[in-house]
Amino acid sequence: MRWQSMLLAAATAFSGLVAGMPILDPEGFTPYARGLEELTLFSPGCSIPDFWRFITRLSHNAEIYFQGQNKFNTYSIRWSNVGTPKVNITILPATENDVVEIVRLANGCNIPFLAYNSAHGSITTLKNMSWGILINLRKLSGVTIHAANETATILGGTNSKYMIQQLWDAGYQAVTGTCECVNYMGPALGGGHGWLQGHYGLIADQFRSLNVVLANGTKITVGPDHELFWAMNGAGHNFGIVTSANIKIYPKIHTTYAIEILTFTGDKAKDLYEAAITTFANQPVEVIQWSYWMNIPQLDPTGPIIEFYIIQEGVTAVDSQWTAAFYALNPIAANPQTGSYLDLSTWLSINMDGPPCQKTGMANPRFPLYLESFNATAMEEVYEAFKAGTNSSGPFYNSLFMFEGYSMQGVQAKNASNAAFAWRNDNLLVAPLIQYQPGNPALDEAAKQFGNELRQILHRGSGRTEMHTYVNYAYGDETPEEWYGHESWRLTKLRQLKTKYDPNNRFSFYGPVN
Ligand SMILES: Cc1cc2nc3c(=O)[nH]c(=O)nc-3n(C[C@H](O)[C@H](O)[C@H](O)COP(=O)(O)OP(=O)(O)OC[C@H]3O[C@@H](n4cnc5c(N)ncnc54)[C@H](O)[C@@H]3O)c2cc1C
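Rules and cut-offs
Residues numbered from 1 in each chain as written. Predicted model: local features only at pLDDT ≥ 70, side-chain atom pairs only at ≥ 80, totals over all residues. Heavy atoms only, no water. UniProt positions renumbered as here; feature names shortened; annotations may be inferred. Near = heavy atom within 4 Å. Polar contact = N/O pair within 3.5 Å; in protein donor to acceptor, adjacent residues only side chain to side chain. Areas by Shrake-Rupley, 256 points an atom, 1.4 Å probe, with all protein chains shown as cover. Helix = DSSP H or I, 4+ residues; strand = E, 2+ residues; numbered from the N terminus. Nonpolar A, V, L, I, M, F, W, Y, C, P; charged D, E, K, R; others polar. Phe/Tyr/Trp six-rings, centres within 6.5 Å; stacked < 30°, edge-to-face > 60°. Buried < 20%, exposed > 50% of the residue type's maximum accessible area, 1.4 Å probe, protein only. Pairing = 2+ DSSP bridges. Axes fitted to C-alpha atoms, helices over the stretch in contact; angles between N-to-C directions. Contact = heavy atoms within 4.5 Å. Parallel < 35°, antiparallel > 145°, perpendicular 65-115°, else oblique. Left-handed = near helix turned anticlockwise from the far one by under 90°. Expected span 1.5 Å × (residues − 1).

In the annotation of an unreviewed UniProt entry, the protein chain is listed under the name Putative FAD binding protein and assigned to Chaetomium thermophilum. Recorded in UniProt for the protein chain, the comment headed Cofactor (unreviewed entry) runs: "FAD". Turning to the protein chain, the UniProt record has this under Sequence similarities (unreviewed entry): "Belongs to the oxygen-dependent FAD-linked oxidoreductase family."

This is the structure:
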């Protein structure tokens, strides 16, 4: 066999370099040999000895897996399974320098590559990756606190829950995503929303400097004086792999929280969001309001229920000022809770055990839209459309509609032109999440139409001509303007930076600016 003899020859030739080699899976020699041969077929410019040489340059704890190995599947599984990337080799770098080596190999051999973090990215532009190297960052995990200047260094693959706990135990907090299973960096690259954004700004607003491996395989530090600093705050997926970030942290002062979870039947949709418009007209920094729509037949077999969450910081019970108008609408259930910052994710079912944190093999595309405020008439209309499209006999029954009303003071305190994130004046992030069994192109198309129909109802209700969307929730059929801003200078600037730092579009799979 060609691959056996070549690999053995390569192994012999480089046997002097084998000491300290990365972890090769005990599942055996064959998948490696087959995988390496496959890569040389795809990239004829590189030989098996080239790959072997590369492998010996990785650190001892790096890991490499090919198709056919269980761990290849484990480390390439995604949260949403429509429009997914295809990869042939999974490498787990164990050091920041390993990322440099992988990108250099990929460049030298002209192999596409893609950073994977917690793999919650669901944008369908990822399907444009049809082969190549998956760089799974999970081993780049760590939090180092620098108390003297209230910053922390977060490695590029660090999980949010782990990070929050590490900081909390040391007496600190930071702006992170809300969901425990998502990593820190994935949300941050698109701006990033979190519980503390009302106080301190977006997740990316906390960056002090970033270590970034550029498309040409060099690692640079991007600080406030570097031109990429602007781009990494909102369009970061396009410019490099962040191996670590130095971020601002804060003394732990936002600790006590209370929530009211009020459940309504869908016939209340219009009244409920009218009440929300009035109640949250001047939403203070310590109040957050979310709602989910979903089918829970035990509560209402006739249509999705509306679960309305009112969160208040610094109290043991949510002040009636924020709840009275909703209680007046006679919720079918009311569930007040008191606890700490660490309880928020459990209350919202986005803790490690919560349904959104499970990778169940389903397709989970979202169709996001930023809004300035609710339009109660449009909310009633979109409720009816959501109800019709998620009926129990259809394929989208387990879908979810999310309405996120974080406090915005910290986000709006930053000059909008100082970051690529373009949507600081939008108070609400809404998105239907259409869940279904993947593998049927007709159903993919139906889901796309359904999600877009729902989004369009709210867009029409906004009275805007241009859609504003969150690239981190995007479906993938939005325009770059709809991800990165309609002011023409924004995309012009992003594209100039792209030409300078990634002329060959190596980072082109997630929400490409071009
Ligand atoms: C359950 C759930 C909860 C969520 N909660 C929040 C939330 O609270 N706040 C919020 O703002 N968003 C949230 N999101 C959206 C989230 O920001 C996006 O889904 C994001 O893409 C997830 O990042 P990831 O690393 O898990 O995804 P991945 O699919 O692993 O990564 C997405 C893309 O990011 C890039 N990437 C990831 N890591 C790096 C890195 N270190 N360097 C360079 N590029 C990198 C790659 O291009 C990759 O394709 C949530 C999503 C889900 C599914």
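(A) Representation of the site of the ligand in the model. In the vicinity of the ligand, 34 residues are found, and the nearest of them are Arg78, Asn117, Ser118, Asn183 and Tyr470. Interatomic distance of 2.5 Å between a side-chain N/O atom of Asn183 and an oxygen atom of the ligand. Starting from 940 Å² of accessible surface for the ligand in isolation, the protein chains cover 97%. Secondary-structure elements contributing two or more residues to the shell around the ligand are β4 (113–116), α7 (185–189) and β11 (241–248). Broken down by element, the residue count for the shell around the ligand peaks at four residues, all from α7. Residue composition of the shell around the ligand, by class: 18 nonpolar, 14 polar and two charged.

(B) Inspection of the packing of aromatic side chains at higher detail. Enumeration according to the criterion identifies 34 aromatic pairs in this entry. Ring geometry for Phe308 versus Phe326: centroids 4.8 Å apart, planes at 25 degrees, classification stacked. Taken together, the residues span a long stretch of sequence, with Phe308 in strand β15 (residues 305–313) and Phe326 in helix α11 (residues 320–327) at a distance of 18 residues. The exposure classification of Phe308 matches that of Phe326, with both residues buried. Judged by centre distance (6.3 Å) and plane angle (55 degrees), the rings of Phe374 and Phe403 are tilted. Here Phe403 lies in strand β18 (residues 400–405) and Phe374 lies in the loop between β17 (369–371) and α13 (376–389), a separation of 29 residues in the sequence. For Phe403, a relative accessible area of 1% translates into the label buried. Through pairs of rings, three or more aromatic residues link up here, namely Tyr273, Phe280, Trp293, Phe308, Trp322, Phe326, Phe374, Tyr383, Phe386, Phe401 and Phe403.

(C) Examining the side chain of Ser43 more closely. Mapping Ser43 onto the fold places it in the loop between α2 (29–42) and α3 (48–57). Assessed through its relative accessible area of 2%, Ser43 is described here as buried.

(D) Region of interest: the sheet that holds strand β16 (residues 333–340). Spatial ordering of the open sheet is given by β16-β13-β15-β14-β18-β19-β17, a layout of seven strands whose pairing is antiparallel. In the strand order of this sheet, the two ends are held by β16 and β17, each with one partner. When strand polarity is set aside, the average angle formed by the axes of neighbouring strands in this sheet is 15 degrees. In the packing of helix α10 (residues 269–279) onto the sheet, the strands contacted are β13 (256–264), β14 (287–294), β15 and β18, and the crossing angle to β15 comes to about 15 degrees. Against the sheet, helix α15 (residues 441–462) engages β17, β18 and β19 (428–433), with an angle of about 20 degrees to β17.

(E) Quick peek at the packing of α3 against helix α5 (residues 96–109). At their nearest, the axes of α3 and α5 sit 10 Å apart, and the two run at 165 degrees to each other. As judged from the angle between their axes, α3 and α5 are roughly antiparallel. Pair α3 / α5 crosses with right-handed handedness. Across from Phe51, Phe54 and Arg57 in α3, the residues of α5 making contact are Glu101, Ile102, Leu105 and Cys109. When grouped by side-chain class, the residues that make up the contact of α3 with α5 number five nonpolar, no polar and two charged.

(F) Just α5, in detail. Spanning 14 residues, α5 covers 21 Å between terminal C-alpha atoms, matching the ideal 20 Å at 1.5 Å per step. Summarising burial for α5: 10 of the 14 residues are buried, a large majority. Listing the buried residues of α5 in full gives Glu96, Asp98, Val99, Val100, Glu101, Ile102, Val103, Leu105, Ala106 and Cys109. At the exit of α5 stands Asn110, carrying a positive phi of roughly 55 degrees.

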